[in-house]
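One-letter residues, chain by chain:
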Amino acid sequence: MMVVEMTESSSRRDLDRVCESLARGGRSFRITPGRGRSFVMSSDIARREDSSDYRALPGVRSVNVTTCCHPLASREIGGEARPMELVPGLRIGDGEPLVMAGPCAVENREQLMTTAIGVGRAGAHVLRGGAFKPRSHPYAFQGLGSEGIALLKEARASSGLPVVTEVMSPEEAEWVAPHIDILQVGARNMQNFALLRTLGGIDRPVLLKRGMCATVEEWLQAAEYILAGGNERVILCERGIRSFDKNTRNTLDLSVIPLLKSMTHLPVVVDPSHATGRRDLVAPMSLAALAAGADGLVVEVHCAPEEALCDGPQSLTLDDFAHLMTRASKVLRALREEEPSWRMPIAR
Ligand code: PEP
Ligand code: MN
C-alpha cells in the first residue's frame, strides 16, 4: 500500500489535490485524520516509482510504499516511540513505568473507595474497575453499569487517580467517554471492529488488550483501526494467551514486550492478573514484565479478595500490592544501575 503523510501546515486544498490525483490514477484511498498531520492511505498495489508523483505535491511530507498491514502502528511509518499524555500531567512511555490497579469489577461504594485510596497510597497512578463486565457465564455478575461509572467518578474525586474502565459496544463507548479518562477494550472485544472504529473517533486514550488467541499482527491491526480514525492514543496490553496448560488461566507472553518495542511506537503494558489467574504468580510476573521493558502494569487489587464478585483468586490484597510496589521500585533501581552487580564467583 501507499501512505501519503501531509505536513501540519498543509491545507484542505493540498489534501484534495492528493486525493484527486489518486482518484485520477484509479486508486481507492481513505483519509486518516491525525492531530496536526493527516495521512492518505491507498491499499491498491503501489510501485515505488509511483510515489514520486505524489511527493512533489504541495503539503506532502512523505510518501511511503509499504507491505506492512498496520502502517500507522508501525515504527516504519508511525515513527519512534514517544511519551503519550493520558491526562494532563500523566504520561506513559517516558521511561517511568505506569501502574493501573484496582478491582476487577466495581461492586459497591465501600469496596471501590477503600481499594482506590489503598492503591493510590501504595503508588498506583490510575484506578481500574469494570462497570460493564464481559462474563463468559450469562448469569454471572455483569457489573453495575451506569451506577458503576458514577462510583468510578466518585473514587476519582476522593483518590485523585484518573480511571480506566471497559466498554463493550460503540454505544457504551460514546456514553462512557465523557465520564472516564481511559477506555479499555477487553480481550474478548479486540476484534469488535465497530467498537474499534468508534474509539478511533473519540478523544480518549484506549487500553487495547490482546485477544485471547490473537497473533501480534492481528493485535496491531486492531490498534490500526483506532489509529486510522485519528485517535493516536492506543496502549497495548498483554494479558496472556490461551494455551493448553490449565495450571495458569492463560500463558503470559513476555516476549511480546521487546518484540513490540521493535515493531511499534505504541506503549506496551502487562496485566499479570488475567495472564496467570493466580495471586501468587502476579508479583513475580509483574517484576519480570518490568525487567523486560514494559511501560506499565495493570494489576487487580481488592480490599477483600475472598469476597470479590469477580476474579478474587487473582486479586492482590492491598498489603500484597503495597509490597509489590516496593519490590518493583527495587527492580527499577537495579535496572537503572549502570554497573552490573552479579554475585562474586566462588573463590577456588
Ligand atoms: C478485565 O480487565 O477486567 C478483563 C475482563 O480482562 P480481559 O479482557 O483481559 O480478560
Ligand atoms: Mn478481571
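What you see is a predicted model, and the numbers here were worked out from it, not measured in a lab.

Undergrad: Give a description of the packing of helix H4 (residues 109-122) against helix H12 (residues 318-336) that names residues and reports values.
TA: As a packed pair, H4 and H12 sit with axes 9 Å apart at the nearest point and diverge in direction by 20°. One element, H4, and the other, H12, form an angle in the roughly parallel class. Here H4 and H12 pass one another in a crossing that is right-handed. Where H4 abuts H12, its residues Thr114, Thr115, Gly118, Val119 and Ala122 lie against Leu318, Phe321, Ala322 and Met325. Here the residues of the contact of H4 with H12 are counted per class, giving six nonpolar, three polar and no charged.

Undergrad: So what's going on with the pattern of salt bridges? Residues and values would help.
TA: When the charged atoms of two side chains with opposite charge come close together, those side chains can pair. As enumerated under the stated definition, the model contains 17 salt bridges in all. Notably, a salt bridge pairs Glu300 with Arg128, separated by 3.5 Å at the nearest N-O pair. Remark: Arg128 occurs in strand E8 (residues 126-128) and Glu300 occurs in strand E14 (residues 296-300); sequence separation between them is 172 residues. An identical accessibility class is assigned to Glu300 and Arg128; each is buried. Across the salt bridge formed by Arg156 and Asp181, the nearest N and O atoms sit 2.8 Å from each other. Of this pair, Arg156 sits in helix H5 (residues 146-159) while Asp181 sits in the loop between helix H6 (170-176) and strand E10 (182-185), placing them 25 residues apart in sequence. Here the residues in one salt-bridge network are Glu5, Glu8 and Arg61, joined through shared partners.

Undergrad: Account for the sheet that holds strand E7 (residues 98-102), naming residues and giving values.
TA: Ordered in space as E7-E8-E9-E10-E11-E12-E13-E14, the eight strands form a closed barrel in which the pairing is parallel. Direction aside, the axes of adjacent strands within the sheet are offset by 25° on average. Note that strand E11 (residues 206-209) and strand E12 (residues 234-238) share four bridges and pair parallel. Counterpart to Leu208 in the pairing with E12 is Leu236. Together, E11 and E12 form the strand contacts of helix H8 (residues 216-228), whose direction differs from that of E12 by roughly 160°.

Undergrad: Tell me about the pairing of E11, residues and numbers included.
TA: Residues Val206 and Leu208 line one face of E11 and the alternating positions Leu207 and Lys209 line the opposite face, and both faces are buried. Examined bridge by bridge, E10 and E11 share three bridges and lie parallel to one another. Within E11, the position partnered with Gln184 by the bridge is Leu207. Since E10 and E11 lie parallel, the crossover through helix H7 (residues 193-200) that links them has a hand, and here it is right-handed.

Undergrad: Please set out the confidence of the model for the protein residue by residue, giving values where relevant.
TA: Summing up the model confidence of the protein, the mean pLDDT is 95 and the portion of residues at 70 or higher is 97%. Ranking the helices and strands of the protein by mean pLDDT puts E11 first, with 99, and helix H2 (residues 48-55) last, with 80.

Undergrad: How would you summarise the sheet that holds strand E1 (residues 2-6) if you had to cite specific residues and measurements?
TA: Judged by pairing direction, the sheet is antiparallel, and its four strands sit side by side in the order E2-E3-E1-E4 without closing on themselves. With one partner strand each, in any of the chains shown, strand E2 (30-32) and strand E4 (60-65) form the two edges of the open sheet. Recorded for the sheet is a direction-independent mean angle of 20° between the axes of neighbouring strands. Relative to strand E3 (residues 39-42), E1 is paired through four bridges, and the arrangement is antiparallel. When the sheet's bridge partners are listed, Met2 is paired in E3 with Ser42. Taken strand by strand, helix H1 (residues 12-24) contacts E1, E2, E3 and E4, and its axis lies near 165° from that of E1.

Rules of the game
For every chain, the first residue of its written sequence is number 1, and the numbers climb from 1 along that sequence. Going through the entries in the order they are written, you letter the chains from A and number the ligands from 1. Under the rules for a predicted model, residues below a pLDDT of 70 receive no local features and side-chain atom pairs below 80 are neither given nor counted, while totals for whole chains, interfaces and linings still include all residues. Side-chain numbers come from the whole structure's heavy atoms, not from hydrogens or water. Between N-to-C directions, angles span 0 to 180 degrees; the directions come from axes that are lines fitted to C-alpha atoms, helices contributing only their stretch in contact. Under the DSSP-based scheme used, a helix requires at least four consecutive residues in state H or I and a strand at least two consecutive residues in state E, with every element numbered from the N terminus. For classification, angles of less than 35 degrees are called roughly parallel, those exceeding 145 degrees roughly antiparallel, those between 65 and 115 degrees roughly perpendicular, and all remaining angles oblique. Two helices that cross are described as forming a left-handed crossing if the nearer one is turned anticlockwise from the farther one by less than a right angle, and a right-handed crossing if clockwise. Contact between two residues is taken to exist if any of their heavy atoms lie within 4.5 Å; hydrogens are not considered. Side-chain classes follow a simple rule in which Ala, Val, Leu, Ile, Met, Phe, Trp, Tyr, Cys and Pro form the nonpolar group, Asp, Glu, Lys and Arg form the charged group, and the remainder, Gly included, forms the polar group. Salt bridges are defined as contacts in which a side-chain nitrogen from Lys or Arg sits within 4 Å of a carboxyl oxygen from Asp or Glu. The buried label goes to any residue with under 20% of its type's maximum accessible area, the exposed label to any with over 50%, and the partly exposed label to all in between, with areas taken from a 1.4 Å probe on protein chains only. Note on pairing: DSSP must find at least two bridges between two strands before they are called paired. A clockwise course of the path from the first strand over the helix to the second, judged with the strands pointing away from the viewer, identifies a crossover as right-handed. Each residue carries a pLDDT score, the predictor's own confidence in it, on a scale running from 0 to 100.

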